[in-house]
Structures are given as C-alpha cells and as structure tokens.
Amino acid sequence: MLSLPNEIADVLAPFRGVFAQQRSWQKAQTMLVGAILCQGHRTVSRVLQVMGLGQTQQYGKYYRMLSRVGWSGLAAAQTLLSLIMLAFVGTETVVIGIDETLERRWGHRIWGLGIYRDGVKSSRTHTVKSSGVRWQVMQVLVRLPWSPRVWALPFFSLMVPSEATPRGKRAYRSSLDWAIVMVRVVSRWLKRYWVCVGDGGYGHAKFGWACRRHGVALVARLPWKANLYEFAPTMPPRYPGRPRTKGVRLPSMQHHLERLSVESGPFHILPWYGGHHALRQLVTGTAVWDVDGYPPLPLRWVLVIDPHRSPPPTALFSTSLLLSPPQIVELYVARWSLEVTFEEARAHLGVQSQRQWSKAATTRTTPVLFALFSLVCLIANRLHAFTPLVPHTTAWYAKPEITFSDLLWAVRTALWRARVVPRLAPSPDPALSLEAEREQLIQLLAASF
C-alpha cells in the first residue's frame, strides 16, 4: 500500500470510482505519484524507478494500465472538474477556456499522427509545420489564493485525429466539431451557466450557435470582415412573405476604425497581457452575424484599439448581450493563461515525452499529464491551508510571485517527507534498515530523476 500525506490522499480519493478494481487503483496511484516526483521524461520505466520499483518482475502490469486496463477518462475528467469547482470556483461564474496545442511526436505507428502548423515555432510571416498529435484542451480560468494572476487548470483533453487516421465508416470531424462535442459534454456535467473563451479558431457562427443551444456564452475573436446586420425589424400583422431574419447592413470594422481616426471615443484602463493594465479605446454594438448556411447569430461586438496603434486593433464578440465590453475584453485577455499552462506542462510535467504509440495509450497518457497540472494545484491548495506557500528563491534570484514550479516543489517535498521520514524510524533490525534506506537515497540522488 502506498503511504500518502492526508492532503494528497484526500485529493486523489475521489478518483477511486474511476477504476473497477482496487489493484488497478493502487497501481494508478503509484504511477500518478511517480509522475509528480519524476523529472524529465515521463515514461513508465522512469516512473517505476523513481518509486523504487525498478527491479519488480511484474512491470508489465503498469504498462497495461495505459494500453489495456479499462478505466474511463471521461469519468476522471468529470471528477477533476468537480474538485476544481469545489476548491476554486464555488458560486461564481464558471469561465472555461478552450484551445489547441500540438504535441510534437515522430513515428509512423503513432495513432492520430499528422503534420500541422506549429503555433509555437511559427510567426505571422513565417510558418513552420511539425509532426505530432493535436490536442484540444479545456481549462478552468480561476484566481488562486497565492497568486494575483489568472490560472488555467486543465481538466478535459481530447485528441483531434488527422484526416489520414483510420476511422472506419465514420465521417471526419474537424477541431471545431470536436469542440462542439466538448461543450455539450461539459454542459451536461455542470448543469449551469458558464462562459467559454476561445481564440480566432473558435470565432465561427457554427460554434456560436452550438454554445447558445447549451446555455453557454461564447467569447472569441471576431473575423475582421464579418458581415454584421441590425436585428430584424418587427413586421406588421399579415405581412406577406417570409419573416425577415436580419435588418440593414452595418458598417465594417475597418469603417469604424477609420471614423475613429478623426473622432474621439471612450477610453478604458483594462487588465492586459503581462499582468499590467493598459489604456484601450472600445467601440461596441449589438448585431446579428450572417454566415452562409447558418441562421443569423445575435452577438455583442467590441473593437479594441490601442491609442498608439500598437498592437493592431482587435475585434471580439460575445454571444451574451449582457456582458459589458470591458468584461468581454478581460475574459479574452485571460485566455493567455492557457498558453502559459501548455508551456509549464511541457517544461515540468513531461508532456511531449511519452513513448507509447497505440490508440489507448496515446489517448490516455497526455490527458493524464495535463491533469497533473490541476492535481498539483489542488494539492498545493490543501498544503497552503496549513502552511502558506512562498516562492522558492535563492540568494541570487528573488522571485516576485509563486509560479507552478514552486507548487510542484512543495508537493514533491510533502511526498518525499512522507516516503522517507517514516522509514528512517528505529526498527527491530536497525543495521539492515538504515543501510537499505541509505542506499536507496543514494541511488535516488545519483539517478537525478
């Protein structure tokens, strides 16, 4: 049996129902704790070594936990979402960001592999394509007790297979189609109003109508040349013909921008990227967005303009007409926390370092590593309640605020203290016990996990 501190055991206990057998749950706990303690690549072999199981003869059972053992990733995602809601959201409005990320991998046998544009390596003028697997991740945007900025906590990750992936008789689903599926599933879990925040890839009438059908408010980037119209006028009784769905055409975003070059407009001091506040001019209005093949979508649009025109103006929209323009801008700017989480997961949790290639193992490993980010934050929140967390600094580096590496260091410290300190207590055969413990510590330090 794995001995865990109460703060960590309480966070992991709700996931017991995801596994049908107690033995599978014990192995899953061992692998989760090993993935937290491990450094560098998160392969099964490295996880077993850091847990002191490098010489176990039944190592194949741990590999089968990802490729064959039956457990539900959807049930685990729902459990993780409920824990995040209980710990950080409560009765406040739920804000969930959605975005894609590329897990760079190579190998013709990897299920779901494709060649995609690499957003990290590309720029506006230069496009870089990389081999890998696309993931669509939903993250809850919250403010944690120990940090002034907004954090993004992943809970639901879904692979977007490439078009070349065998799928039988099923039609190909684009990333927008999978996003609609995720919105429907999360709405069924929450059963309450929530806000979905996405970038320009989710600024589409198809996705906007899917969110409206499930009682979700969408905040995303509006295409610069979107066709906006006034709301349909009220027609007199017994008016001949079909009822109108839209009114007259509204001016384009470029027209608003040119008109503001000679006229003044309202200015707002808004939270901006980098944790500081910036002066922005906001132009807003309500309209319906007409896209071929879809009914006109009611929305509130916001044109965000820097007085110095750097960066370029940005057009945003929300399917909720009740959100104010500053709220829409603040929600969209908070979306940047998703990119921070992606980078932290690659740097500290071994995302992009797995070696499995089968469908089951590929679709399970990366979501678990993303979920580790949220689990570490939940455990750190329990630790923070007893001992306030502080930045892990040195004499030559003063850190102004707590980062994810500090949370990971605090959780690892609690785990190592629970694993090492009790075993160093006197035993009936102290000579053998202390010698064995000393040798294990030496091996752990020399391996540099």
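All residue numbers here refer to positions counted from 1 along the written sequence of the relevant chain. Note on the predicted model: pLDDT of at least 70 is required for a residue's local features to be given, and 80 or more for side-chain atom pairs to be given and counted; whole-chain, interface and lining totals, by contrast, use all residues. The side-chain values count all of the structure's non-hydrogen atoms but skip hydrogen atoms and water molecules.

A. Broad picture of the overall build of the chain. On a plain count of helices and strands, the chain comes out with 13 helices and 11 strands. For the C-alpha atoms alone, the extent of the chain along its principal axes is close to 95 × 55 × 45 Å. Burial classes follow relative accessibility: with a 1.4 Å probe on protein chains only, a residue under 20% of its type's maximum area counts as buried, one over 50% as exposed, and anything between as partly exposed. Taken over 449 residues, the chain has a buried fraction of 50%. Between two residues, a contact is recorded if the distance between any of their heavy atoms is within 4.5 Å. Within the chain, contacts between residues at least 6 apart in sequence are counted, and of these 64% link residues at least 24 apart. When the 52 basic and 26 acidic side-chain charges of the chain are each reduced to a single mean position, those positions are 9 Å apart. Starting at the N terminus, helices and strands are each numbered in turn, a helix being any DSSP run of H or I of at least four residues and a strand any DSSP run of E of at least two. Here the positive residues are Lys and Arg and the negative ones are Asp and Glu; neither His nor the chain ends is included. By convention, charge coordinates are those of NZ in Lys, CZ in Arg, CG in Asp, or CD in Glu.

B. Fine view of helix 7 (residues 205-213). Residues of helix 7 that are buried include every one of A205, F207, G208, W209, A210 and C211, and no others. Check the buried side of helix 7 and you find it contacts helix 6 (175-190), strand 5 (194-197), strand 6 (216-221), strand 9 (277-289) and strand 10 (297-305).

C. Highlighting the pattern of salt bridges. By salt bridge we mean one thing: a side-chain nitrogen of Lys or Arg within 4 Å of a carboxyl oxygen of Asp or Glu. For the structure on display, the rule yields 9 salt bridges. Between D177 and K206 there is a salt bridge whose closest N-O contact spans 2.5 Å. Residue D177 is located in helix 6, and its partner K206 is located in helix 7; the two are separated by 29 residues in the primary sequence. A salt bridge links D290 to K246; its shortest N-O distance comes to 2.8 Å.

D. Layout of the side chain of K27. Position of K27 among the secondary structure elements: in helix 2 (residues 22-37). Residues in contact with K27, not counting those within four places in the same chain, are K61, Y62 and M65.

E. Expanded view of a nonpolar patch on the surface. Residues F267, I269 and L279 make up a contiguous nonpolar surface patch of about 310 Å² in total accessible area. Residue position: F267 is located in strand 8 (residues 267-271). Here the term patch refers to residues with relative accessible area over 30% and no salt bridge, with like charges joined within 9 Å and nonpolar side chains (Val, Leu, Ile, Met, Phe, Trp, Tyr) within 5 Å. Residue-level accessible areas treat just the shown protein chains as cover; the underlying method is Shrake-Rupley with a 1.4 Å probe.

F. Just the nonpolar core, in detail. Within the largest apolar cluster, 116 residues are counted, with the highest numbers of intra-cluster contacts made by M138, F155, V186, W194, F207, L228 and L407. With 13 residues, the single largest contributor to this core is helix 11 (residues 359-386). We call a set of buried residues a nonpolar core when its members are Ala, Val, Leu, Ile, Met, Phe, Trp, Tyr or Cys and they connect through side-chain atoms within 4.5 Å of each other.

G. Focus on the packing of aromatic side chains. Aromatic rings from Phe, Tyr and Trp, with only the six-membered ring used for Trp, were paired whenever their centres fell within 6.5 Å, and each pair was classed as stacked if the ring planes differed by under 30 degrees, edge-to-face if by over 60, and tilted otherwise. Using the criterion set out here, one finds 12 aromatic pairs in the structure. Between W272 and Y273 the ring centres are 5.4 Å apart and the planes differ by 75°, which places this aromatic pair in the edge-to-face class. Overall, the relative accessible area of 17% leaves W272 in the buried class. Between Y273 and W336, the aromatic rings sit 6.2 Å apart at their centres with planes inclined by 85°, giving edge-to-face as the arrangement.

H. Structural detail: the pairing of strand 4 (residues 150-160). With respect to burial, strand 4 is a largely interior element, 10 of its 11 residues being buried. Any two strands with at least two DSSP-identified bridges between them are counted as paired. Alignment of strand 3 (residues 129-143) against strand 4, held across 10 bridges, turns out to be antiparallel. Paired with Q136 across the bridge in strand 4 is L158. In this structure, the hairpin formed by strand 3 and strand 4 is closed by a connection of 6 residues.

I. Representation of the environment of G132. Its location among the elements puts G132 in strand 3. In this structure G132 comes out as buried when scored by relative accessible area, which is 0%. When the C-alpha atoms of G132 and R244 are compared, they prove to be 47 Å apart, with 112 residues separating the residues in sequence. What G132 contacts, discounting residues up to four positions off in sequence, is L102, E103, R104, R105, G112, L113, G114 and Y116.

J. Spotlight on the pairing of strand 11 (residues 314-318). Burial analysis of strand 11 places 5 of its 5 residues in the buried class, which makes it a mostly covered element. Pairing of strand 6 with strand 11, which is carried by 3 bridges, proceeds in the antiparallel orientation. Each bridged residue has a counterpart across the sheet, and for V219 the counterpart in strand 11 is S318. By the bridge criterion, 5 bridges tie strand 10 to strand 11 in an arrangement that is antiparallel.

K. Local environment of helix 4 (residues 60-67). Every buried residue belonging to helix 4 is among Y62, M65 and L66, and all of these are buried. Across the axial projection of helix 4, the buried residues extend over an arc of 85°, all falling on one side. Check the buried side of helix 4 and you find it contacts helix 2, helix 3 (44-50) and helix 11. Read the arc as the range of directions from the helix axis to the C-beta atoms.

L. Examining the packing of helix 4 against helix 11 more closely. Running from amino to carboxyl end, helix 4 crosses helix 11 at an angle of 85°, the nearest separation of the two axes being 7 Å. Taken together, helix 4 and helix 11 sit at an angle that is classed as roughly perpendicular. Residue-level inspection shows M65, L66 and S67 of helix 4 in contact with helix 11, the latter providing A360, A361, R364 and T365. Axes here mean lines fitted to C-alpha atoms, for a helix over just the part in contact, with angles spanning 0 to 180 degrees between N-to-C directions. Any angle from 65 to 115 degrees is called roughly perpendicular, while one under 35 is roughly parallel, one over 145 is roughly antiparallel, and all others are oblique.

M. The side chain of N381, seen in detail. Within the element layout of this structure, N381 appears in helix 11. Discounting residues that sit within four places of it in the chain, N381 has contacts with A87, F88, P145 and W146.

N. Spotlight on unusual backbone geometry. Positive phi is not limited to glycine here, since K191 has a value of about 55°. Within the element layout of this structure, K191 appears in the loop between helix 6 and strand 5. In this structure, Q352 is a non-glycine residue whose phi angle is positive, near 85°. Its place among the elements puts Q352 in the loop between helix 10 (336-348) and helix 11.

O. How the structure looks around the environment of A171. Its place among the elements puts A171 in the loop between strand 4 and helix 6. Distance in space between the C-alpha atoms of A171 and R412 is 45 Å, their sequence separation being 241 residues.

P. Structural detail: the environment of A76. On the secondary structure map, A76 appears in helix 5 (residues 73-89). In the structure, A76 is positioned 343 residues away from R419 in sequence and 26 Å away in space, judged by C-alpha atoms. Once residues lying within four places of it in the same chain are set aside, the contact partners of A76 are F15 and V18.

Nothing here speaks to function; it is geometry throughout.
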